[in-house]
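What follows is the residue order along each chain.
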Amino acid sequence: MQKKEYQFSFDVYESIQDLTEADAKLLSKAREVTEMAYAPYSHFKVSAVALMNNDEMVNGTNQENASYPVTICAERVLLSAVSSIFPNEAIDTIAISYNSKNSAVPISPCGVCRQALAEYEERTHQPIRLILSGMQGEVFIIKNATDLLPLSFKSSSLKNSTK
Ligand code: THU
């Protein structure tokens, strides 16, 4: 038997004021874009804004549906948009924000979105930085989205399956 260890660390900033100009600009945009969410059921408006390698910014917001499971999270709306507008272009950073009754604490992507982010990184051979923050307060910066999904299932996993 051997023990394998997984380590994870991320940076915590007190507020948007402590970020670089570029990161602050992206997070401000994400905070603004929460207003574009369609969240009439949860009233939990989430945004994800990507800064692409080609310097373009792309927006995503959560899109809900009266049939609740049809809802798509902001992160996957964003990845679908990115992949349709700039196919195979790598993403440098994604800022994720949300606006709800109280949004002073960062949120991080749900499990399904972590899986989608991991595959986008794998496909473009580049880590995606994440900037996480609500409408105010602390900001978390994670260097690599895949760090949020240890032992993930990937395209290479399919090759190891038995027929
Ligand atoms: N939501 C996101 O957009 N991203 C996440 O990572 C977690 C949750 C949305 C889905 C739903 O519209 C609302 O937040 C409440 O779950």
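Residues numbered from 1 in each chain as written. Predicted model: local features only at pLDDT ≥ 70, side-chain atom pairs only at ≥ 80, totals over all residues. Heavy atoms only, no water.

### Re the site of the ligand
Item 1. Near the ligand the following residues occur: Ser42, Phe44, Val46, Asn62, Glu64, Thr71, Cys73, Ala74, Glu75, Pro109 and Cys110.
Item 2. Note that an oxygen atom of the ligand is positioned 2.5 Å from one of the side-chain N or O atoms of glutamate 64.
Item 3. Between cysteine 110 and the ligand, the recorded distance is 3.1 Å, taken from a backbone N or O atom to an oxygen atom.
Item 4. Partitioning the shell around the ligand into residue classes produces six nonpolar, three polar and two charged. (Near = heavy atom within 4 Å. Polar contact = N/O pair within 3.5 Å; in protein donor to acceptor, adjacent residues only side chain to side chain. Nonpolar A, V, L, I, M, F, W, Y, C, P; charged D, E, K, R; others polar.)

### Re the sheet that holds strand E1 (residues 11–13)
Sheet strands associate in pairs through backbone hydrogen bonding, adopting either a parallel or an antiparallel arrangement.
Item 1. The six strands lie next to each other as E1-E6-E5-E4-E2-E3, forming an open sheet whose pairing is mixed. Looking at strand neighbours, the two that pair on one side only are E1 and strand E3 (57–61), the edges of this open sheet. Within this sheet the neighbouring strands show an average axis-to-axis angle of 20°, counted without direction.
Item 2. Running over the sheet, helix H1 (residues 21–33) touches strand E2 (45–52), E3, strand E4 (91–99), strand E5 (129–132) and strand E6 (139–142) and is turned about 145° from E2. (Pairing = 2+ DSSP bridges. Helix = DSSP H or I, 4+ residues; strand = E, 2+ residues; numbered from the N terminus. Axes fitted to C-alpha atoms, helices over the stretch in contact; angles between N-to-C directions. Contact = heavy atoms within 4.5 Å.)

### Description of the nonpolar core
Item 1. By size, the foremost hydrophobic cluster in this structure holds 22 residues, and its most contacted members are Val82, Ile91, Ile94, Ile128 and Leu130.
Item 2. Listing elements by their share of this core, those giving two or more residues are E2, helix H2 (74–85), E4, helix H3 (111–124), E5 and E6.
Item 3. Ignoring anything within four residues of it in the chain, the contact list for isoleucine 128 reads Ile91, Asp92, Thr93, Ile94, Leu117, Tyr120, Glu121, Ile142, Lys143, Asn144 and Ala145. (Core = buried A, V, L, I, M, F, W, Y, C linked by side-chain atoms within 4.5 Å. Buried < 20%, exposed > 50% of the residue type's maximum accessible area, 1.4 Å probe, protein only.)

### Considering the pattern of salt bridges
Item 1. Throughout the structure, instances matching the rule amount to two salt bridges.
Item 2. Residue aspartate 23 pairs with arginine 129 through a salt bridge whose shortest N-O separation is 2.8 Å. A residue pair is termed long-range when its members are at least 10 positions apart, and aspartate 23 in helix H1 and arginine 129 in strand E5 qualify at 106 residues.
Item 3. Take aspartate 23: its relative accessible area is 10%, and that puts it in the buried class. (Salt bridge = Lys/Arg side-chain N within 4 Å of Asp/Glu carboxyl O.)

### Here we look at the environment of asparagine 65
Item 1. Among the structural elements, asparagine 65 can be located in the loop between E3 and H2.
Item 2. The exposure class assigned to asparagine 65 is partly exposed, which follows from its relative accessible area of 30%.
Item 3. Note: C-alpha distance between asparagine 65 and alanine 39 (26 residues apart in sequence) is 8.2 Å.
Item 4. The contact partners of asparagine 65, leaving out residues within four places of it in the chain, are Tyr41, Val70 and Thr71.
Item 5. Of note is the side chain of asparagine 65, whose polar atom sits 2.8 Å from the backbone nitrogen of serine 67.

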